[in-house]
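# Examining the three-dimensional arrangement
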Amino acid sequence: MLCAKCNNAVTDFASCSLCEGNFHYGCAGVTESGYRRMGLEKKAAWRCMSCRTKSTETGGSAIAEVLKEIRNLRVDFNAMKMDFGNVQADIRSTKTSMQELNTKWNKMESRFSGIEDRLLTAETKLSSLTSIQKEYWN
Ligand SMILES: [Zn+2]
Ligand SMILES: [Zn+2]
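Residues numbered from 1 in each chain as written. Chains lettered and ligands numbered in written order. Predicted model: local features only at pLDDT ≥ 70, side-chain atom pairs only at ≥ 80, totals over all residues. Heavy atoms only, no water.

Non-glycine residue Asn-7 carries a positive phi angle of around 60 degrees. In this fold, Asn-7 is placed in the segment before β1 (14–15). Here the phi dihedral of Glu-20 falls at roughly 60 degrees; this positive angle occurs in a residue that is not glycine. Position of Glu-20 among the secondary structure elements: in the loop between β1 and β2 (22–23). (Helix = DSSP H or I, 4+ residues; strand = E, 2+ residues; numbered from the N terminus.)

Rendered as structure tokens:
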């Protein structure tokens, strides 16, 4: 038999009820006489040092930690939900302004092409006028 803590041979040991490890009394944090004085029930329920610290962690502070984490998560989740709502509103307003922009752009485009046409006509008129003028003056 090997001690679950120091890995050295152990003949007389304390057995942990949780990890089922066998320990030297010293490694288990108990005295031999103290362990021997325990009743059968107490011995059957006995836990080694690491299991004792683990169980107090899960029994007390770990649950508090988890609850705290859940509370934090809830706060984060609510903040995220609000952000998400804002983004959705932004998307909606962006969509509307994109549509407005598109309409404006289309109007501008037709105005541009109208101006282009007028410009072309004016240019043609101008060139014909200048040629007439040249003819007239020369
Ligand atoms: Zn040991
Ligand atoms: Zn143990």
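Further remarks concern the coordination of the zinc ion (ligand 1). Every protein donor of the zinc ion (ligand 1) is listed here as Cys-3 (SG), Cys-6 (SG), His-24 (ND1) and Cys-27 (SG), and their distances to the metal cover 2.0 to 2.4 Å. Summarised as a motif, the one-chain spacing of the donors to the zinc ion (ligand 1) is C-x2-C-x17-H-x2-C. (Donors = N, O, S within 2.8 Å, 3.2 Å for Na, K, Ca; no water.)

Donor atoms from the polypeptide that coordinate the zinc ion (ligand 2) comprise Cys-16 (SG), Cys-19 (SG), Cys-48 (SG) and Cys-51 (SG), at 2.2 to 2.4 Å from the metal. Between the four donor atoms coordinating the zinc ion (ligand 2), the angles at the centre fall across 102 to 118 degrees, so the site counts as tetrahedral. Spacing between the donor residues of the zinc ion (ligand 2) along the chain follows C-x2-C-x28-C-x2-C. Within this pair, whereas Cys-19 is found in the loop between β1 and β2, its partner Cys-51 is found in helix α4 (residues 49–137), the two being separated by 32 residues in sequence. (Tetrahedral: all angles 85-135°; square planar, octahedral: opposite > 155°, others 65-115°.)

This part covers the confidence of the model for the protein chain. The predicted model of the protein chain has a mean per-residue pLDDT of 84, with 88% of residues at 70 or higher. When mean pLDDT is taken per element in the protein chain, β2 scores highest with 95 and α4 scores lowest with 79. (pLDDT = per-residue confidence, 0-100.)

Now for the packing of aromatic side chains. All told, the structure shown has three aromatic pairs when counted by the stated rule. A centroid spacing of 6.3 Å and a plane angle of 70 degrees characterise the contact between Phe-23 and Trp-46, whose relative ring orientation is edge-to-face. Taken together, the residues Phe-23 in strand β2 and Trp-46 in the loop between α3 (40–44) and α4 connect sequence positions 23 residues apart. Exposure remark for Trp-46: the relative accessible area of 5% places this residue in the buried category. Ring plane angle 45 degrees and centroid distance 5.5 Å describe the contact between Tyr-25 and Tyr-35, whose orientation is recorded as tilted. Of this pair, Tyr-25 sits in helix α1 (residues 25–28) while Tyr-35 sits in helix α2 (residues 32–37), placing them 10 residues apart in sequence. Judged by relative accessible area, Tyr-35 falls into the buried class, the value being 7%. Here the aromatic residues Phe-23, Tyr-25, Tyr-35 and Trp-46 are joined through ring pairs into a cluster of three or more. (Phe/Tyr/Trp six-rings, centres within 6.5 Å; stacked < 30°, edge-to-face > 60°. Buried < 20%, exposed > 50% of the residue type's maximum accessible area, 1.4 Å probe, protein only.)

Here we take up the environment of Leu-18. For Leu-18, the location among the structural elements is in the loop between β1 and β2. Between the alpha carbons of Leu-18 and Ala-44 there is a distance of 9.6 Å; along the sequence they are 26 residues apart. Those residues in contact with Leu-18 that sit more than four places away from it in its chain are Arg-47 and Cys-51. (Contact = heavy atoms within 4.5 Å.)

This paragraph deals with the pattern of salt bridges. Side-chain pairing between opposite charges can occur once the charged atoms of the two side chains come close. Within the structure shown, the criterion is met by two salt bridges. Among the ionic pairs, Arg-36 bridges to Asp-12, the shortest N-O distance being 2.3 Å. Of this pair, Arg-36 sits in helix α2 while Asp-12 sits in the segment before β1, placing them 24 residues apart in sequence. Since its relative accessible area comes to 45%, Arg-36 is described here as partly exposed. Between Arg-36 and Glu-32 there is a salt bridge, and its shortest N-O distance comes to 2.9 Å. Of this pair, Arg-36 and Glu-32 both sit in helix α2, four residues apart, which is roughly one turn of the helix. For Glu-32, a relative accessible area of 38% corresponds to the partly exposed category. When salt bridges that share partners are traced, they join Asp-12, Glu-32 and Arg-36 into one network. (Salt bridge = Lys/Arg side-chain N within 4 Å of Asp/Glu carboxyl O.)

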